[in-house]
Amino acid sequence: MNIEVFFSPREVENEYDLREKSVLAVDVLRASSSIITAMHHGARQVIPVASVADAMRLSKDLFEDSTMLCGERGGKLIEGFDLDNSPASYRPERVKDKSLIFTSTNGSGAILRARYALETYVAAFVTVSAAVGAVAAREQVAVICAGEENHFALEDAICAGMIVSRLMEKRPDATVADGARAALMVYDRCSENILAAVRSADHAAVLEREGFGADVTFCATRDLYTVVPVYDGTVIRSVKQGKRAAV
Ligand code: MLT
């Protein structure tokens, strides 16, 4: 196995380079955590899109009562949308059996960047063991961190490092590229207290200020769920751990 970590989607120079790779798209705060929560609570599918305009356009072609517009800009609910990007908003009574059109500042971009990958999973602390299990038998694994406006984000790097660490335990034969080695170093430095490290991140401070402190704690919690959302290049659905997604 070879493991790479990209600290922002922009580091993936050519999206076709991912064709032979199994990708884990990580946006701990908060897109990945919200999408995973939605799938756990029975959402039928999540359709990631790049922009608010794309989301609006797409929603016109879908059945209104079974489709919701979800996501954020500036961390807040978008005008005309049904749900913001707080995992707490993705409650079963809101999302069960619904199709969610989803756009966020960084997270949806990381997922879309992997549209040509061999397979793509949405990963975060809340389902980290299941996500690692989904790719543990693969030969080429790439973690794409959403980062923040195309820059490094600490919380994603810590999660990526945890994924690398867990994969190396399962696959002692694994080779790691420099990005994965760096993520591992970041993770090793704070593995004793993940919550404190995530709380110290820039984006966590913004969320705390905006009244979303509970989201930060939630998103830093490991293995709340076992669902692993898989993106087929168009929509995200959930697969049971151990079952390879149809690609
Ligand atoms: C993003 O995609 O940039 C984030 O999920 C922003 C947020 O915390 O809502």
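Further up the page is the structure itself.
This section reports on the structure supplied with the text. What you see is a predicted model, and the numbers here were worked out from it, not measured in a lab.

## Side note on the overall build of the protein chain
Secondary structure assignment for the protein chain yields 10 helices and 10 strands. For the protein chain, the C-alpha radius of gyration of 16 Å lies close to 18 Å, the compact-globule estimate for 247 residues. Restricting the contact set of the protein chain to residue pairs at least 6 apart, pairs at least 24 apart contribute 78%. Just so you have it, the protein chain exposes about 10900 Å², and 49% of that area is on carbon and sulfur atoms. Positive and negative charge centroids in the protein chain, built from 28 and 34 side chains respectively, lie 4 Å apart.

## Topic: the nonpolar core
Of all hydrophobic cores here, the largest spans 49 residues; its most connected members are Val-5, Ile-163 and Leu-167. The biggest single contributor to this core is helix H6 (residues 154-170), with eight residues. The residues touching Val-5, leaving out its near neighbours within four places in the chain, are Glu-11, Val-143, Cys-145, Ala-160, Val-164, Gly-179, Ala-180 and Ala-183. Listed in part, the 24 residues of the second largest apolar core include Val-95, Val-126, Val-227 and Tyr-231.

## Structural notes on the site of the ligand
Around the ligand, the surrounding shell consists of Asp-27, Leu-29, Arg-30, Ala-31, Glu-72, Asn-85, Ser-104, Thr-105, Asn-106, Gly-107, His-203 and Leu-207. Contact between the ligand and Ala-31: an oxygen atom at 3.1 Å from a main-chain N or O atom of the residue. Contact between the ligand and Ser-104: an oxygen atom at 2.6 Å from a side-chain N or O atom of the residue. Partitioning the shell around the ligand into residue classes produces three nonpolar, six polar and three charged.

## Thoughts on the packing of H6 against helix H7 (residues 178-190)
At their nearest, the axes of H6 and H7 sit 7 Å apart, and the two run at 100° to each other. In terms of orientation, H6 and H7 fall into the roughly perpendicular class. Where H6 abuts H7, its residues Leu-154, Ala-157, Ile-158, Ala-160, Gly-161, Met-162, Val-164, Ser-165 and Met-168 lie against Ala-180, Ala-183, Leu-184, Val-186, Tyr-187 and Cys-190. Broken down by class, the residue content of the contact of H6 with H7 amounts to 13 nonpolar, two polar and no charged.

## A word on unusual backbone geometry
Residue Arg-30 follows Leu-29 across a cis peptide bond; omega there is 0°. Although it is not a glycine, Asn-150 sits at a positive phi angle of roughly 70°. With respect to the secondary-structure elements, Asn-150 resides in the loop between strand E7 (140-145) and H6. Judged by its relative accessible area of 34%, Asn-150 is partly exposed. Even without being a glycine, Asp-223 presents a positive backbone phi close to 55°. With respect to the helices and strands, Asp-223 occurs in the loop between helix H10 (213-219) and strand E9 (228-231).

Rules and cut-offs
Residues numbered from 1 in each chain as written. Predicted model: local features only at pLDDT ≥ 70, side-chain atom pairs only at ≥ 80, totals over all residues. Heavy atoms only, no water. Helix = DSSP H or I, 4+ residues; strand = E, 2+ residues; numbered from the N terminus. Rg over C-alpha atoms; globule rule 2.2 N^0.38 Å. Contact = heavy atoms within 4.5 Å. Areas by Shrake-Rupley, 256 points an atom, 1.4 Å probe, with all protein chains shown as cover. Lys, Arg positive; Asp, Glu negative; His and termini not counted. Charge placed at Lys NZ, Arg CZ, Asp CG, Glu CD. Core = buried A, V, L, I, M, F, W, Y, C linked by side-chain atoms within 4.5 Å. Buried < 20%, exposed > 50% of the residue type's maximum accessible area, 1.4 Å probe, protein only. Near = heavy atom within 4 Å. Polar contact = N/O pair within 3.5 Å; in protein donor to acceptor, adjacent residues only side chain to side chain. Nonpolar A, V, L, I, M, F, W, Y, C, P; charged D, E, K, R; others polar. Axes fitted to C-alpha atoms, helices over the stretch in contact; angles between N-to-C directions. Parallel < 35°, antiparallel > 145°, perpendicular 65-115°, else oblique.

As far as function goes, none of this settles anything; it's purely spatial.
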